[in-house]
Amino acid sequence: MAWTFNAPLSTLSDTPTVEKAESLWEREMLGGLTEDNNPIPRPVIWLVALTVCTAFCVTFPLWGQRPTAALYAPYVNSMDKPEVLAAKDDVEAMQKIVAINKGIGNNDAQLARHPLTMDDLRLIRPQIQALQSRPEVDLRDYTVVGDNVTIANFEGNYRPNGTRIRQQPWWDKGYTIDIFYLTAFFVGVFLVIKRLPPIQWQPRHGHGADH
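The rules behind each value
Residues numbered from 1 in each chain as written. Predicted model: local features only at pLDDT ≥ 70, side-chain atom pairs only at ≥ 80, totals over all residues. Heavy atoms only, no water. Helix = DSSP H or I, 4+ residues; strand = E, 2+ residues; numbered from the N terminus. Expected span 1.5 Å × (residues − 1). Buried < 20%, exposed > 50% of the residue type's maximum accessible area, 1.4 Å probe, protein only. Arc of directions from axis to C-beta. Contact = heavy atoms within 4.5 Å. Polar contact = N/O pair within 3.5 Å; in protein donor to acceptor, adjacent residues only side chain to side chain. Phe/Tyr/Trp six-rings, centres within 6.5 Å; stacked < 30°, edge-to-face > 60°. Lys NZ or Arg CZ within 6 Å of the ring centre and 35° of its normal. Salt bridge = Lys/Arg side-chain N within 4 Å of Asp/Glu carboxyl O. Pairing = 2+ DSSP bridges. Core = buried A, V, L, I, M, F, W, Y, C linked by side-chain atoms within 4.5 Å. Axes fitted to C-alpha atoms, helices over the stretch in contact; angles between N-to-C directions. Parallel < 35°, antiparallel > 145°, perpendicular 65-115°, else oblique. Nonpolar A, V, L, I, M, F, W, Y, C, P; charged D, E, K, R; others polar.

Undergrad: For helix 5 (residues 90-101), give the residues involved together with the corresponding values.
TA: Compared with the 16 Å implied by 1.5 Å per residue over 12 residues, the 17 Å span of helix 5 between its first and last C-alpha is a close match. Among all positions in helix 5, only A93, M94, I97 and N101 are buried. End-on, the buried residues of helix 5 take up no more than an arc of 95°, which puts them together on one face. Of the exposed residues in helix 5, the ones pointing more than 90 degrees away from its buried face are V91, Q95 and A99. For helix 5, the secondary structure elements touched by its buried residues are helix 3 (69-77), helix 4 (82-85), helix 6 (108-113) and helix 7 (118-132).

Undergrad: Describe the environment of N38, with residues and values.
TA: By secondary structure assignment, the location of N38 is in the loop between helix 1 (15-27) and helix 2 (42-58). Taking the C-alpha atoms as reference points, N38 and Q200, separated by 162 residues in sequence, lie 8.5 Å from one another. Apart from the residues within four sequence positions on either side, N38 is in contact with I199 and Q202. Among the polar contacts made by the side chain of N38, one reaches the side chain of Q202 at a distance of 3.2 Å.

Undergrad: Could you give an account of the packing of aromatic side chains, naming the residues involved and the relevant values?
TA: For the structure on display, the rule yields five aromatic pairs. Ring centres of F180 and Y181 lie 5.3 Å apart, and the angle between their planes is 70°; on these two criteria the pair is classed as edge-to-face. Take F180 and Y181: they sit in the same class, and that class is exposed. Between F185 and F186, the aromatic rings sit 5.2 Å apart at their centres with planes inclined by 70°, giving edge-to-face as the arrangement. The class of F186 is partly exposed, set by a relative accessible area of 36%. The positively charged end of R195 is found above the aromatic ring belonging to W3, 4.1 Å away from the centroid.

Undergrad: Requested: an account of the pattern of salt bridges, with residues and values cited.
TA: All chains considered together, the criterion is met by nine salt bridges. When salt bridges that share partners are traced, they join D138, R140, D141 and R159 into one network.

Undergrad: Would you mind going over the pairing of strand 1 (residues 142-145) in detail, with residue names and values included?
TA: Pairing between strand 1 and strand 2 (residues 148-151): four bridges, direction antiparallel. What sits directly across from V145, in strand 2, is N148. Once strand 1 ends, the chain turns through two residues before running back antiparallel as strand 2, passing G146 with a positive phi of about 65°.

Undergrad: Now, about the nonpolar core: what can you tell me, with residues and values included?
TA: In this structure, Y72, I97, L121, I124, I128 and V149 are the most contacted members of the largest nonpolar core, which totals 24 residues. In contact with I97, other than residues within four places in its own chain, are Y75, S78, M79, V84, M118 and L121.

Undergrad: An account of the packing of helix 3 against helix 7 is needed here, citing residue identities and associated values.
TA: Running from N to C, helix 3 and helix 7 cross one another at 105°; their axes reach a closest spacing of 10 Å. When the axis of helix 3 is compared with that of helix 7, the two are roughly perpendicular. Between helix 3 and helix 7, the contacting residues are A69, Y72, A73, Y75, V76 and N77 on the first element and L121, I124, R125, I128, Q129 and Q132 on the second. Grouping the constituent residues of the contact of helix 3 with helix 7 by class yields eight nonpolar, three polar and one charged.

Undergrad: Pulling in residues and values, what's your account of the environment of L71?
TA: Assignment of secondary structure puts L71 in helix 3. For the pair L71 and H114, spaced 43 residues apart in sequence, the C-alpha to C-alpha distance is 9.6 Å. Excluding its chain neighbours within four sequence positions, the residues that come into contact with L71 are N107, Q110 and L111.

Undergrad: Break down the packing of helix 5 against helix 7 for me, with residues and values.
TA: Where helix 5 contacts helix 7, the axes come no closer than 9 Å and their chain directions differ by 70°. The angle between the axes of helix 5 and helix 7 places the two elements in the roughly perpendicular class. On helix 7, the residues that touch D90, A93, M94 and I97 of helix 5 are M118, D119, L121 and R122. When the residues that make up the contact of helix 5 with helix 7 are grouped by side-chain class, the tally is five nonpolar, no polar and three charged.

The structure is reproduced here in C-alpha cells:
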C-alpha cells in the first residue's frame, strides 16, 4: 500500500498496489453490478465548484457572525422606557423594544438573526451596564454567549490606551473554519480517488484484464 508522488494526477499508488487493485476489481462482480474506472464527469466538478462559490457569495456577511454587547446595548437602554414598562407582558415589552430600536443604525438584519426575549435581556443587562460604566471599554470587544457577556476571542491591534481590539474582522465570518473543512474535504476526496488505478485502465469485469 505504498504511496508514490511521481505522477500525482494519474495515481498516488505504486505499481504493486495498482496491480493488486486491478486484480481485485476484476474478481469482484458485486452481484452483477459492475463499475468502470471513469473519471468524475466535468459537469459534476463544475456543479460542485458552483455550489461552493454560490454559498460563499450568498451568505458572505452571515457566516459565523457573533452578536456583541454593542448590538444589544440599545435594547438594554430601552428597558426602562415608559412604554416598555407599561407593557402587559414580556412579549409585548420585547416587541416595543424592537420597535423603538428598529431603523436606528445598520443592525436590524443582525438583530433579526439573533433575537432575544425579555428574560435574556434581564440576564445580560447588568453585565452590559457594568461595561458601559467603564469609559475605556468598547462594547464591540465583547461577545454575548448565552447569558454571559465575555471578552471576544479575537486578538487585533493595540489601541493608544493600551487595550486590544477584539472585534471580529469583516473577512472572518466563519470563513476560516469553512475553508478549513472544505480544503480537508477536497483533499480527502482527491487522495481517495487518486489511490485508484489510472483512468487509462478499464476493467473487463471478469473477462480478463485490459492494461
